[in-house]
Amino acid sequence: MKSRRDIDALFVSAQQNYQEGNYQEVNKICKQVIKLDDKNHQAFHLLGMAALRIPMYEEAVVCLQRAIDLQPTVANYHGNIAAVYAQMGEHRKAIKSFISALRKQADMPVYYNNMANSLLSLHKHNSARRMLEKALALNPDYDNAYNNLAAIEIQHRNFKRAYQLLNEVLSKSDYNEYFLYNKAVALYQLGEYEHALSTFDQILIHNPEHADVHFYRGLILLSYERWIAGWEAYNWRFFKAQPTTLSLVDLPIWQGGSLQDRTLLLLAEQDVGQQLLFVGLLKDLLKKSGKIVLECEGRLQDLLQRSFPELNFVTSQALSENTHEYAFDYYLPLGSAGTFIRRETSDFPRFKSYLCCDEKQQNKCARRYKRRLGKLKVGISWQINQDDFKHFGLTLEQLLPVLKSHGVCFINLQPGQDNEALKAFVKKHKIKWINDKTVDPLGNLDAYAAQVAALDLVIAIDNAALVLAAALGVPAWGLLTKAPHFIWGKERGGKKAKSVWFPKVKLYRQKHLDVWDDVIDKVAKDLGNLTNKTQ
């Protein structure tokens, strides 16, 4: 039987090994201590922390819970088991344990900060904000809490507040890449492109391989029509997240050389709106000769096959399932084609529509809509159909000055928006409105293109509907945020920028971030003038 002094010496040895990172040795020694003293809560706690570092999460939970059972008043035990739960993704359990820790010791800013992280994982942003504010009240110099609070503000598009928070923490701390990156993103979203660019450049001095920084720089440079440097930076997007089929393709990437007697596989990437945009480069790419095969989503194939009959197509599903059956010489992500054929603004030809809809379907839509009152048929799309980008859109309430225009029948181009709330809104405000149930844009883009082609005008935010209308040659008005897609360009020196991609699209730009009132008023006024001319 070892004495208490021997047990304490063993525990001190375990602590020393923990500090030196010898976690397997900690595991061994702590188990010896527990064998001699099965009520030693400190040994259970240290054994749990060593298991966390290995990592062996389940064992860590068992050991830490045993320490809590033996000595429930120690705040650190509750805080550490909460950290394990957070690592496991068990955020509700983590929050419960953080609350227990704070009941034992309420002056610990780290518990508030870490609980905020779990709350954020559960999308409880307001609660997370309150926890971070409590952390900063206890420690006004807590950098991580500042950055987490700024991250919340960025998610809620409070970019000005995020910028202020990050500026404050950066003024008091040494260089921190993560804080500086979030500051640059906030500046980008505020439309402060030059300041954002210089901030991104600061990061590249320390980390030249930062893919996200290069990507954002690419968006800015392309907006400024600095094509060569812009494409180079934009191509870093593949180091962020590769297209679905890219990892399946064991081919050399095309570097712009001759395609004579060669077959080039163009890979689809990003969302449908991006694919509809970049297929506009195909006419010039086809001049390179050779055979081109374009990967596309199944719902796009009919539309693209009609628009580019000289191309060969393969669906994304077929390519992923039967890659070995195809013989290609090179591959190129579709969005990278501009690298070789759009190197100067003068490389953009005089715009011609490049998508061809099904004329029979178009005529059917036109006949259906002609029966409705309203001399002008206007398609409207007010949101981006992706959960991560809902905040970029508008509400119908915001659009009401436009929707109440006389002499207009509005056609709903918003996928998935045909619910009772919408119907009640339309009825309440006596809006002339069509929800065409024969068209399913999420399932059949060929029918959607025919619907858009049957309209007199499309009014849309910066989304796929706007690109589709422009590519079909349908008159379109674009409602743009302070940081729109790079194809719409960027105003500089008070000069209004037109899009070199779609010069016929009329652009309405926000003057202030997320302030739509003046944009909507101008659109409503212009629509009124247009209807007066058509009557």
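Residues numbered from 1 in each chain as written. Predicted model: local features only at pLDDT ≥ 70, side-chain atom pairs only at ≥ 80, totals over all residues. Heavy atoms only, no water.

## Describing the overall build of the protein
Then comes step 1: Counting its regular elements, the protein contains 25 helices and ten strands.
Then comes step 2: The dimensions of the protein, computed from C-alpha atoms along their principal axes, are 100 × 60 × 45 Å.
Then comes step 3: Split into buried and exposed, the 535 residues of the protein put 52% on the buried side.
Then comes step 4: When the accessible area of the protein is evaluated, it comes to approximately 26,100 Å², of which 48% is carbon and sulfur surface.
Then comes step 5: Put simply, the protein has 68 plus and 57 minus side-chain charges, and the middle of one group is 8 Å from the middle of the other. (Helix = DSSP H or I, 4+ residues; strand = E, 2+ residues; numbered from the N terminus. Buried < 20%, exposed > 50% of the residue type's maximum accessible area, 1.4 Å probe, protein only. Areas by Shrake-Rupley, 256 points an atom, 1.4 Å probe, with all protein chains shown as cover. Lys, Arg positive; Asp, Glu negative; His and termini not counted. Charge placed at Lys NZ, Arg CZ, Asp CG, Glu CD.)

## Side note on the nonpolar core
General note: in soluble globular proteins, nonpolar side chains tend to be found buried as a group.
Then comes step 1: Counting 153 residues, the largest nonpolar core has F200, L355, W501 and F502 as the members making the most contacts within it.
Then comes step 2: When near neighbours in sequence (up to four residues on either side) are disregarded, F200 contacts Y181, A184, V185, V213, Y216, R217 and I220.
Then comes step 3: I431, I459, W477 and V519 belong to the second largest nonpolar core, which has 30 residues in total. (Core = buried A, V, L, I, M, F, W, Y, C linked by side-chain atoms within 4.5 Å. Contact = heavy atoms within 4.5 Å.)

## Here's the deal with the sheet that holds strand β10 (residues 506–509)
Then comes step 1: Overall, parallel pairing links the six strands, which are arranged β7-β6-β5-β8-β9-β10 in an open sheet. Pairing within the sheet leaves two strands with one partner each, and these edge strands are β7 (433–434) and β10.
Then comes step 2: Both strand β5 (residues 376–381) and strand β6 (residues 408–412) contribute to a ladder of five bridges, which runs parallel. Note that in β6 the partner of L376 across the bridge is V408.
Then comes step 3: Packed onto the sheet, helix α24 (residues 464–472) meets β5, β8 (457–461) and β9 (476–480) and runs at close to 145 degrees relative to β8. (Pairing = 2+ DSSP bridges. Axes fitted to C-alpha atoms, helices over the stretch in contact; angles between N-to-C directions.)

## Description of the pattern of salt bridges
Then comes step 1: Under the criterion given, the structure shown has 18 salt bridges.
Then comes step 2: A salt bridge links K283 to E310; the shortest N-O distance between them is 3.7 Å. Taken together, the residues span a long stretch of sequence, with K283 in helix α16 (residues 282–285) and E310 in the loop between α17 (301–307) and β3 (312–315) at a distance of 27 residues.
Then comes step 3: For E310, a relative accessible area of 42% corresponds to the partly exposed category.
Then comes step 4: Via salt bridges that share partners, R4, D8 and D37 belong to a single interconnected network. (Salt bridge = Lys/Arg side-chain N within 4 Å of Asp/Glu carboxyl O.)

## Notes on the packing of aromatic side chains
Then comes step 1: According to the stated counting rule, one finds 27 aromatic pairs in the structure shown.
Then comes step 2: Measuring from ring centre to ring centre gives 6.1 Å for Y193 and Y224, while their planes differ by 65 degrees; the resulting arrangement is edge-to-face. Of this pair, Y193 sits in helix α12 (residues 193–206) while Y224 sits in the loop between α13 (211–223) and α14 (227–234), placing them 31 residues apart in sequence.
Then comes step 3: With centroids separated by 6.1 Å and ring planes inclined at 90 degrees, the aromatic side chains of W231 and F486 adopt a geometry described as edge-to-face. Here W231 is found in helix α14, whereas its partner F486 is found in the loop between β9 and β10, with 255 residues between them in sequence. When sorted by exposure, W231 lands in the same class as F486, which is buried.
Then comes step 4: Geometry around F348 places R342 over its ring, the cationic atom sitting 5.0 Å from the centre. (Phe/Tyr/Trp six-rings, centres within 6.5 Å; stacked < 30°, edge-to-face > 60°. Lys NZ or Arg CZ within 6 Å of the ring centre and 35° of its normal.)

## Examining the sheet that holds strand β2 (residues 291–296)
Then comes step 1: Reading across from one edge, β3-β2-β1-β4 is the order of the four strands in this open sheet, with parallel pairing throughout. Each having just a single partner strand, β3 and β4 (330–333) make up the two edges of the open sheet. Strand-to-strand twist across the sheet, computed as the mean angle between neighbouring axes with direction ignored, equals 25 degrees.
Then comes step 2: When β2 meets β3, the two strands line up parallel, connected through four bridges. Counted as the bridge partner of E295 is V314 from β3.

## Remarks on the environment of V61
Then comes step 1: Within the element layout of this structure, V61 appears in helix α4 (residues 57–70).
Then comes step 2: Overall, the relative accessible area of 13% leaves V61 in the buried class.
Then comes step 3: In this structure the C-alpha to C-alpha distance between V61 and A82, which are 21 residues apart in sequence, comes to 9.1 Å.
Then comes step 4: If we skip the residues at most four places from it in the chain, V61 touches I81, V84, Y85 and M88.

## Here we look at the packing of helix α1 (residues 4–19) against helix α2 (residues 23–36)
Then comes step 1: Closest axis-to-axis distance for the α1/α2 pair is 8 Å, and the angle between their directions is 160 degrees. Relative to α2, the element α1 is oriented roughly antiparallel. For the pair α1 and α2, the sense of crossing is left-handed. Facing I7, L10, F11, S13, A14, N17 and Y18 of α1, the residues of α2 in contact are Y23, E25, V26, I29, C30, Q32, V33 and L36.
Then comes step 2: Residues that form the contact of α1 with α2 fall into these classes: eleven nonpolar, three polar and one charged. (Parallel < 35°, antiparallel > 145°, perpendicular 65-115°, else oblique. Left-handed = near helix turned anticlockwise from the far one by under 90°. Nonpolar A, V, L, I, M, F, W, Y, C, P; charged D, E, K, R; others polar.)

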